[in-house]
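Observations on the model geometry
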Amino acid sequence: SGAIKTITDGTLTMSTNAEFEPFEYRDNDKIVGIDVEIANKIADKLGLELKINDVEFASLIMELQTNKCDFVAAGMTATDDRRKNVDFSDPYFDASQAIIVPKGSNIKSRTDLNGKNVGVQQGTTGDTFCTNEDGTSDIKVASVKRYNKGSDAISDLINGRIDAVVIDNFPATKFVQKNSDKLVKLDDSLTSEQYAIAVQKGNTALLDQIDEVLKEMKSSGELDQIIEKYQSS
Ligand code: GLN
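Residues numbered from 1 in each chain as written. Predicted model: local features only at pLDDT ≥ 70, side-chain atom pairs only at ≥ 80, totals over all residues. Heavy atoms only, no water.

**Section: the sheet that holds strand β10 (residues 117-121)**
- If you trace the 5 strands from one edge of the open sheet to the other, you get β11-β10-β12-β9-β13, paired in mixed fashion. Where the open sheet ends on each side, the last strands, each with one partner, are β11 (143-147) and β13 (183-189). Pairs of neighbouring strands in the sheet enclose a mean axial angle of 30°, with direction left out of account.
- Pairing geometry for β10 and strand β12 (residues 164-168), over 2 bridges, is parallel. Looking at β12, one finds that G119 is bridged to V165.
- With respect to the sheet, helix α5 (residues 150-158) is in contact with β9 (97-102), β10, β11, β12 and β13, its orientation differing from that of β12 by roughly 155°.
- Across the sheet, helix α6 (residues 169-178) lies against β9, β12 and β13, angled at about 130° from β12, the strand it touches most. (Pairing = 2+ DSSP bridges. Helix = DSSP H or I, 4+ residues; strand = E, 2+ residues; numbered from the N terminus. Axes fitted to C-alpha atoms, helices over the stretch in contact; angles between N-to-C directions. Contact = heavy atoms within 4.5 Å.)

Put into structure tokens, the structure is as follows:
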């Protein structure tokens, strides 16, 4: 692997996939969300200007590996598999994979997913769970359809092309809120995960600053306030 990216032009570059409300999404073409607010704090602390690259979720680790960005903030779950390629900050959010189904579906609990056709976001932990990539899932779905955008999976669910969508809990809540006449989120969830910010392997200088910002935001209550703000919006 190559050398760690250096910052020479006063900009701190974050890569993300702005299709993941409330963590990163477009509001009148501006990328906003919980991760953007954290990223702005990091840029402020370093005296740099934040720039955001919006790419597919499945390309984010490669963005880091090819020096396209300084860090990834994308509601990204810190997994052992990803730790082979990147270093993660302290966790900043507890998450899980939620199940969304059409109202009146016969899928009522997690085990009802057995034998069903499920939509996921490509390259996510929901994808890994449903495809049983690591052989640890207790659920055997019939097929997994992968989407680059959660919103496209939701459209297919509404149109009856798939039986369920598996996606992170907080974005799931947002999708269901927007389609509350058609969709429901089950009480059961599939995984237990923690979001963290990713940097290039060995970039301890940046990682220490990021952890410092997260620690300040947690102890001051600011992180909770930001999360609450997006819960009610
Ligand atoms: N938390 C999930 C993952 O890390 C999904 C993240 C996302 O879709 N932005 O794979």
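**With respect to the domain arrangement of the chain**
- You can read the domains of the chain as domain 1 (11-93 + 194-231) and domain 2 (97-189).
- A separation of 25 Å is found between the C-alpha centroids of domain 1 and domain 2.
- Contacts between the two partners involve 19 residues from domain 1, matched on the other side by 14 residues from domain 2.
- At the boundary of domain 1 with domain 2, total buried surface from both sides reaches about 1,300 Å², with 55% on carbon and sulfur atoms.
- Run the count over domain 1 and domain 2 and you get 2 salt bridges.
- The partner of K149 in a salt bridge is E19, with the nearest N and O atoms 3.8 Å apart. (Domains from an automatic or database assignment. Buried area = accessible area lost by both parts, 1.4 Å probe. Salt bridge = Lys/Arg side-chain N within 4 Å of Asp/Glu carboxyl O.)

**What about the site of the ligand?**
- As a structural note, the neighbourhood of the ligand is formed by 13 residues, with A74, G75, R82, T125 and D168 the closest of them.
- Burial of the ligand by the surrounding chains reaches 100%, relative to a free accessible area of 300 Å².
- A per-class count over the shell around the ligand returns 5 nonpolar, 5 polar and 3 charged.
- Split by domain, the shell around the ligand shows at least three residues from each of two domains, domain 1 (11-93 + 194-231) and domain 2 (97-189). (Near = heavy atom within 4 Å. Areas by Shrake-Rupley, 256 points an atom, 1.4 Å probe, with all protein chains shown as cover. Nonpolar A, V, L, I, M, F, W, Y, C, P; charged D, E, K, R; others polar.)

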